[in-house]
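Overview (structure and organization)
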Amino acid sequence: MAAGFAAALDQTAFILGPAVAAFEAAYAAFIGARHCIGVANGTDALELALRAAGVDADAEVLLPANTFIATALAVLRAGARPVLVDCEPDHHLIDLEQAAARVTKRTRFLLPVHLYGQMAPTETVEALARAHGLTVIEDAAQAQGARRDGRAAGTTGRAAGTSFYPGKNLGAYGDAGAVTTDDDALAARVRALRNYGSEVKYHHPELGFNSRLDTLQAVVLNAKLKRLGGWNEARRAAARRYDDLLADLPAVTRPHTLAGNEHVFHLYVVRVPRRDDVLRRLNADGIGAQIHYPVPIHLQGAFRHLGLGPGSFPVAERAAREILSLPIYPELTAEQQARVVASLRRALG
Ligand SMILES: Cc1ncc(COP(=O)(O)O)c(C=O)c1O
């Protein structure tokens, strides 16, 4: 990494320097996409993917209510209408039957989120998209390296947005993100949109943005990408250990992996009774458990204008009351996990 930083400084190549192109090529090869376009963060990646795919103000975009706020913000910022859908009770991914029921004449996009590190069921996503002529844009922010039936997150839709926020499976040392796609024309549009709408310097045929992947972050990502496969394997091993340690705690519902999925366990999310109390006790024991996410999109003040009150998405709302993310990261040891589970056991009484 030090050599990469030194090269960027030597070349004063701070904006779209060689490390950016090198990372884009390496990440595209890692997931098996034709193109990767580095941008400033994952929210921008989703917005630019939607814009490059031709979103317009009338377009309705189906997305889950149980996701990080950025998925919905990207839709709004692209100028389209978010149409929220409940999630499935066992794996918390988008409920595609309900998505089908919410299709209207104006529905143009389907935005599945590969939540917690496993992919939404691609075959059902594709069947729904085919039946209604929808364009699929994947939110792959939590699923770098995840696969379903051999296909990688970020390669199954028309395009995908991903995030390299520091806490992600592949994290930069600051904000960073990327769009991935097999579509040459869409890739070219994202390249222009991220760079003031310009392909030729000082010529701006369309409105664009300043949303480029920082060269120094690309150096970090290039170095870390080489270890991502091993880190994902370590996360899976940690998840298996939690599964075993929690097996005799019937009050705890363990995460459910869909058949066909290779999960990368960005998060290990269980469900517990008296969740807020349990979380407080874990935190008091010095365990960094968290909630992803405590408030579904439709109950966020920022999305009040959708007019969807409590009760609109009962599965997501119940999940928001019961879910608990136990610490997971590649370096987590078996002893640390035993401590987490001992604390959880005490908290549950
Ligand atoms: C599901 C999901 N979508 C989008 C984003 C947005 O990414 P960023 O924070 O890089 O803008 C994140 C992460 O923060 C995320 O978890």
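This text follows the structure it describes.
What counts and what doesn't
Residues numbered from 1 in each chain as written. Predicted model: local features only at pLDDT ≥ 70, side-chain atom pairs only at ≥ 80, totals over all residues. Heavy atoms only, no water. Helix = DSSP H or I, 4+ residues; strand = E, 2+ residues; numbered from the N terminus. Buried < 20%, exposed > 50% of the residue type's maximum accessible area, 1.4 Å probe, protein only. Contact = heavy atoms within 4.5 Å. Areas by Shrake-Rupley, 256 points an atom, 1.4 Å probe, with all protein chains shown as cover. Lys, Arg positive; Asp, Glu negative; His and termini not counted. Charge placed at Lys NZ, Arg CZ, Asp CG, Glu CD. Polar contact = N/O pair within 3.5 Å; in protein donor to acceptor, adjacent residues only side chain to side chain. Patch = residues over 30% accessible without salt bridge, like charges linked within 9 Å, V, L, I, M, F, W, Y side chains within 5 Å. Salt bridge = Lys/Arg side-chain N within 4 Å of Asp/Glu carboxyl O.

1. Remarks on the overall build of the protein chain
If you tally the helices and strands in the protein chain, you get 11 helices and 12 strands. On the principal axes, the C-alpha backbone points of the protein chain span a range of 65 × 55 × 35 Å. By the burial criterion, 55% of the 349 residues in the protein chain qualify as buried. When contacts within the protein chain are restricted to residue pairs at least 6 apart in sequence, long-range pairs at least 24 apart make up 70% of them. Working note: accessible area of the protein chain is about 14600 Å², and carbon and sulfur atoms make up 54% of it. The averaged location of the 36 negative side-chain charges in the protein chain is 3 Å from the averaged location of its 38 positive side-chain charges.

2. A look at the side chain of H114
Topologically, H114 is positioned in the loop between strand 4 (107-110) and helix 6 (122-132). By relative accessible area, H114 is classed as buried at 2%. At a separation of 2.8 Å, a polar atom in the side chain of H114 contacts the side chain of E138. Each residue touching H114, except ones within four places of it in the same chain, is listed here: L93, M119, A120, E138, D139, A140, Q142, A143 and A153.

3. Remarks on a nonpolar patch on the surface
Together, L9, F14, I15 and L16 line one region of the surface with nonpolar side chains, adding up to about 360 Å² of accessible area. Looking at the secondary structure, you find L16 in the loop between helix 1 (2-10) and helix 2 (18-31). For L16, a relative accessible area of 31% translates into the label partly exposed.

4. Quick look at the pattern of salt bridges
For the structure shown, the criterion picks out 23 salt bridges. Among the salt bridges present, the one from R318 reaches E322, with a minimum N-O distance of 2.8 Å. On the criterion of helical spacing, the pair formed by R318 and E322 is a turn pair, its members being four residues apart in helix 10 (residues 314-322). Under the relative-accessibility criterion, R318 is labelled partly exposed at 45%. Taken together, the salt bridges that share partners define one network made up of D44, E47, R51 and R77.

Remember that the coordinates give geometry; whether it matters functionally is a separate question.
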